[in-house]
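Next come the chains, spelled out residue by residue.
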Amino acid sequence: MKKGLLSLVGIASIFILGACGSSSKSGTSSSSGESKTTDAADQWSKIEKAGIIKVGTSADFAPFEFHAMVNGKDQIVGADIDMMNAIGKELGVKVEYVDMDFNAVLASLEQGQVDIAVSGISATDKRKKTFNFSVNYFSPEQLVVVNKANTNKYTTLDSLANKKVGAQKGSIQESIVKDQLPDSQIVSLAKVPNLMVELKQNSIDAAVVESAVAKSYVAQNDDLAIADAKLETSEGDAYAIALPKGSTKLTEKIDTILKKMIEDGTIKEYVQKNTDLANENASK
Ligand code: ARG
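The rules behind each value
- Residues numbered from 1 in each chain as written.
- Predicted model: local features only at pLDDT ≥ 70, side-chain atom pairs only at ≥ 80, totals over all residues.
- Heavy atoms only, no water.
- Helix = DSSP H or I, 4+ residues; strand = E, 2+ residues; numbered from the N terminus.
- Buried < 20%, exposed > 50% of the residue type's maximum accessible area, 1.4 Å probe, protein only.
- Contact = heavy atoms within 4.5 Å.
- Areas by Shrake-Rupley, 256 points an atom, 1.4 Å probe, with all protein chains shown as cover.
- Near = heavy atom within 4 Å.
- Polar contact = N/O pair within 3.5 Å; in protein donor to acceptor, adjacent residues only side chain to side chain.
- 1 Å grid on protein atoms, 1.4 Å probe; cavity = no way out; pocket = protein on both sides within 12 Å on 5 of 7 lines; lining within 4 Å.
- Sits in = over half its atoms within 2 Å of the grid points.
- Axes fitted to C-alpha atoms, helices over the stretch in contact; angles between N-to-C directions.
- Parallel < 35°, antiparallel > 145°, perpendicular 65-115°, else oblique.
- Left-handed = near helix turned anticlockwise from the far one by under 90°.
- Nonpolar A, V, L, I, M, F, W, Y, C, P; charged D, E, K, R; others polar.
- Phe/Tyr/Trp six-rings, centres within 6.5 Å; stacked < 30°, edge-to-face > 60°.
- Pairing = 2+ DSSP bridges.
- Core = buried A, V, L, I, M, F, W, Y, C linked by side-chain atoms within 4.5 Å.

By the naming in an unreviewed UniProt entry, the chain goes by Transporter substrate-binding domain-containing protein and is assigned to Enterococcus camelliae.

Here's what the structure looks like:
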């Protein structure tokens, strides 16, 4: 019912989070005679000058980005958000989140409506032709989520032949259904929670969702389960931050910060913390 045909630029809301320290670290950032055309190459100086980085995301993806009531207020939270707030702090800029359907996230990055995109985005070879990507920060598995009552029915991929299998619109899960479940009927929906609702109502038979996310929604819904049917995972499934093609400086800056957070276990901690938060938030 709420398949919300939000238009491609269906931007639902803007959240500003993450205070900045001093807006620019060196006092030498003002150069005169700037032209309006901002190449990707000097994207960083544009952001530094503005003191703010605009981040495209689709907050329907617990534990990476989702809406939760925090101190009585609806906020976008998640592991990606914690990660990005930490990056913003290191960069010395404020972080503004622009929430939209996943299907619009990469398009709005391409159109320059946001500076970068952080949304559990898989850095596939195909996407790498259009965008820069940071280092990978999380490697998901692909899982099949079903109504708990059907767990025994869907133990193999073959058992899903001629069944309706859901995937999020614009996600790699659409290709996974087409490639690995060619005999199933794909149902593409804008938001991950919509897939869960359809599963509960038995209007679809299964949905392909990535591991941490699938587990989070299953933990929140007693009548859903992970099926035994096994999908293949590939290297291009791993999550990375998407940036405009050619934004070398910004990509390097983000990589340096991100690598540290991966190595010292910060990202893992963020995923765990937000998995717990999503579960607490669901029990209401
Ligand atoms: N990793 C998948 C992809 O890049 C799905 C990401 C969906 N993200 C979201 N926030 N809904 O296609």
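Read on, since the account is not over.
**Student:** Explain the overall build of the chain residue by residue, including any values.
**Tutor:** Tallying secondary structure elements over the chain gives nine helices and 14 strands in all. The buried share of the chain, reckoned over its 284 residues, is 50%. Across the chain, contacts joining residues at least 24 apart in sequence account for 75% of those joining residues at least 6 apart. As displayed, the chain offers around 13,600 Å² of accessible surface, 49% of which is attributable to carbon and sulfur atoms.

**Student:** An account of the site of the ligand is needed here, citing residue identities and associated values.
**Tutor:** Close contacts around the ligand come from 16 residues, with Asp60, Ser119, Gly120, Arg127 and Ile172 the closest. Here a nitrogen atom of the ligand and a side-chain polar atom of Glu65 are 3.1 Å apart. Take Gln168: an N or O atom from its side chain is 2.9 Å from a nitrogen atom of the ligand. In this structure, the ligand is accommodated by the largest cavity.

**Student:** Please give an account of the environment of Ala282 that cites residues and values.
**Tutor:** Mapped onto the elements of the fold, Ala282 is located in helix H9 (residues 266-282). By relative accessible area, Ala282 is classed as partly exposed at 27%. Along the backbone, Ala282 and Ala219 are 63 residues apart, and their C-alpha atoms lie at a distance of 8.9 Å.

**Student:** Describe the packing of helix H7 (residues 211-220) against H9, with residues and values.
**Tutor:** Put simply, H7 and H9 touch, their axes get as near as 9 Å, and they point 25° apart. As summarised for this structure, H7 and H9 are arranged roughly parallel, according to the angle between their axes. Once H7 is placed against H9, the crossing between them reads as right-handed. Contact residues: Ser216, Ala219 and Gln220 in H7; Ala278, Asn279 and Ala282 in H9. Of the residues that constitute the contact of H7 with H9, the class distribution is three nonpolar, three polar and no charged.

**Student:** Describe the packing of aromatic side chains, with residues and values.
**Tutor:** The description of an aromatic ring pair rests on the distance of the ring centres and on the angle between the ring planes. Counting across every chain of the model gives six aromatic pairs. With centroids separated by 6.1 Å and ring planes inclined at 40°, the aromatic side chains of Phe61 and Phe64 adopt a geometry described as tilted. Among the residues examined, Phe61 registers a relative accessible area of 8% and is labelled buried. Take Phe64: its relative accessible area is 1%, and that puts it in the buried class. Site record: aromatic cluster; members linked through ring pairs are Phe61, Phe64, Tyr137, Phe138 and Tyr239.

**Student:** Give me the lowdown on the sheet that holds strand E9 (residues 142-147), citing residues and values where you can.
**Tutor:** Across the sheet, five strands lie side by side as E11-E10-E12-E9-E13; this open sheet has mixed pairing. Of all strands in the sheet, those bounded by a partner on one side alone are strand E11 (185-189) and strand E13 (224-226). Averaged over neighbouring strand pairs, the angle between their axes works out to 35° when direction is ignored. Note: strand E10 (residues 164-168) against strand E12 (residues 206-210), two bridges, orientation parallel. Across the sheet, Gly166 pairs through a bridge with Ala207, a residue of E12. Along the sheet, H7 makes contact with E9, E12 and E13, crossing E12 at roughly 125°.

**Student:** Outline the nonpolar core, supporting the account with residue identities and numerical values.
**Tutor:** Counting 54 residues, the largest nonpolar core has Met83, Ile87, Ile116 and Ile241 as its most contacted members. The biggest single contributor to this core is helix H2 (residues 79-91), with seven residues. Setting aside residues no more than four positions away along its own chain, Met83 makes contact with Val118, Tyr137, Ile241, Leu258, Met261, Ile267 and Tyr270.

**Student:** Any chance you could break down the sheet that holds strand E5 (residues 73-77) for me, citing the residues and the numbers?
**Tutor:** Spatially, E3-E4-E5 is the arrangement adopted by the three strands of the open sheet, whose pairing is antiparallel. Strands with a single pairing partner mark the edges of an open sheet, and in this sheet they are strand E3 (60-61) and E5. Pairing of E3 with strand E4 (residues 65-70) involves two bridges; the strand directions are antiparallel. Residue pairing across strands places Phe61 opposite Glu65, the latter belonging to E4. With respect to the sheet, H9 is in contact with E4 and E5, its orientation differing from that of E4 by roughly 55°.

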